[in-house]
Amino acid sequence: MKRAATLSALACLLAVTAAAPAVSHAPAGRGAVTTAAAGRASALDTVPRRGVLRVCTTGDYRPFSHLDPATGTYSGVDISMAADLAKSLDATPRYVATTWAGLVGDLSAGRCDIAMGGVSVTLPRARHVAFSEPTRTDGKTPIVRCADKDKYRTLAQIDRPGTRVVVNPGGTNEEFARAHLKRATLTVHPDNTTIFEEIIAGRADVMMTDASETRYQAKIHPELCSLHPDQPFSFSEKAYALPRGDHDFQEYVDQWVHLATHDGTYRKYEDAWMK
């Protein structure tokens, strides 16, 4: 009787053990928590199935992302890169309009799969989204009327009473200006596509933005000069923003960026705009 009871208890124990979920002994680290484990499918799988790569972009930041209001079409360095990324995933790009203030929220809310268009890597953004391998280095530098190119070369020269500095809202340009200017007059201009006309027209004196943008704007506006773009006031990197936690997709995008920045693909698109 005692033997039968023991065998019965052992059988129950084996049944419970067999039904218990397997415990992963993978080491802690980047791959320890996967998108699948969190209950969400990776964009590396959903984008090819959907046939569409949803790209959040502001459309107001040439040479990286520009929306033509007349045609509704996007162009730019990162728009070309988005088309390449989509093609590599057997998909086509669909551009989702966003703003600099809303970009992180739109990506975090799942309105797009990736954010592209001259996005600077910052620690506040990195608290909410992941970033790919960088595409280029950059930094804030002034753009002014060429007649004033010797008046505003340093932050000390810019931060004086009477200097009119213009910025676009919600991004790193406004953040940099507010952090470094205490005496100059700061004006927020809501439209980044027309902001440089404020300087040309004499309604503003200086804008401090990424050196890549100042080079491009000086190219298309002969009245404007980019000041020391090779020695900007700050250091930053541009990359593509991705949803946090989707490590499979992030690793794929990292590899794609690495190849594109080393095989001449990214340089080809950038040269088409900058040269």
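Now for a quick tour of the structure. Note that the coordinates shown come from a computational prediction; the quantities given were computed from them, not determined experimentally.

1. Here we look at the overall build of the protein
The helix and strand tally for the protein stands at eleven helices and 15 strands. Residues counted as buried form 45% of the 275 residues belonging to the protein. Long-range contacts, defined here as pairs at least 24 residues apart, represent 72% of the contacts in the protein between residues at least 6 apart. Counting every atom, the protein has about 14,100 Å² of accessible surface; 56% of that belongs to carbon and sulfur.

2. A look at the pattern of salt bridges
Enumeration according to the criterion identifies 13 salt bridges in this entry. A salt bridge links R178 to E174, with the nearest nitrogen and oxygen atoms 2.9 Å apart. Taken together, the residues span about one helical turn, with R178 and E174 both in helix α7 (residues 172-180) at a distance of four residues. Residue classification places R178 among the partly exposed residues on the basis of a relative accessible area of 48%. Look at E174 and you get buried, because its relative accessible area is 16%. One network of salt bridges, in which partners are shared, links R145, D148, R164 and D205.

3. Remarks on the environment of V144
The topology assignment puts V144 in strand β9 (residues 140-145). For the pair V144 and C225, spaced 81 residues apart in sequence, the C-alpha separation works out to 5.6 Å. When near neighbours in sequence (up to four residues on either side) are disregarded, V144 contacts K149, Y152, I199, D205, V206, E223, L224, C225 and L227.

4. Looking at the state of the cysteines
Going through the model one piece at a time under the given rule, you end up with two disulfides. A sulfur-sulfur separation of 2.1 Å characterises the disulfide bridge that pairs C56 with C112. Looking down the S-S bond of the C56 and C112 bridge, the torsion is -100 degrees, so its handedness is left-handed. Of this pair, C56 sits in strand β1 (residues 52-57) while C112 sits in the loop between α4 (103-108) and β6 (114-115); the two residues are 56 residues apart in sequence, bridging distant segments of the chain. With a relative accessible area of 0%, C56 lands in the buried category. Here C146 pairs with C225 through a disulfide, and the sulfurs are 2.1 Å apart. Judged by the sign of its S-S torsion, about 100 degrees, the bond between C146 and C225 is right-handed. Residue C146 is found in the loop between β9 and α6 (155-158), and its partner C225 is found in strand β13 (residues 224-226); the two are separated by 79 residues along the sequence. Judged by its relative accessible area of 22%, C146 is partly exposed. Here C225 falls in the buried class, since its relative accessible area comes to 18%. Here the protein pairs its bonded cysteines, counted in sequence order, in the arrangement 1-2, 3-4.

5. Points about the packing of aromatic side chains
By the definition in use, this model includes six aromatic pairs. When the centroid spacing of 5.8 Å and the interplanar angle of 75 degrees are considered together, the rings of Y61 and W100 count as edge-to-face. Taken together, the residues span a long stretch of sequence, with Y61 in strand β2 (residues 60-61) and W100 in the loop between β5 (92-97) and α4 at a distance of 39 residues. Measuring from ring centre to ring centre gives 6.5 Å for F176 and F233, while their planes differ by 5 degrees; the resulting arrangement is stacked. In this pair, F176 sits in helix α7 while F233 sits in the loop between β13 and β14 (236-238), placing the two residues 57 residues apart along the sequence. Its relative accessible area of 27% is what places F233 among the partly exposed residues. Connected via pairs of aromatic rings, a cluster forms that spans Y61, F64 and W100.

Thresholds applied
Numbering of residues starts from 1 in each chain and follows the order in which that chain's sequence is written. Where local features are concerned, this predicted model is filtered to residues with pLDDT of at least 70; where side-chain atom pairs are given and counted, the filter is 80 or more; whole-chain, interface and lining totals use all residues. Side-chain figures throughout are based on the complete set of non-hydrogen atoms in the structure, without hydrogens or water. Here a strand is any run of E in DSSP of at least two residues, a helix any run of H or I of at least four, and the numbering for each starts at the N terminus. Buried residues are those whose accessible area, probed at 1.4 Å on protein chains only, stays under 20% of the maximum for their type, while exposed residues exceed 50% and partly exposed ones sit between those limits. Pairs of residues are marked as contacts when any of their non-hydrogen atoms sit within 4.5 Å. Accessibility throughout is a Shrake-Rupley quantity obtained with a 1.4 Å probe, and a residue counts as covered only by protein chains that appear here. The rule for a salt bridge is simple: a side-chain nitrogen of Lys or Arg has to be within 4 Å of a carboxyl oxygen of Asp or Glu. In this description, a disulfide is simply a cysteine sulfur pair whose atoms lie within 2.5 Å. Two aromatic rings, drawn from Phe, Tyr or Trp (for Trp, its six-membered ring), form a pair once their centres lie within 6.5 Å of each other, and the interplanar angle then sorts them: stacked below 30 degrees, edge-to-face above 60, tilted otherwise.

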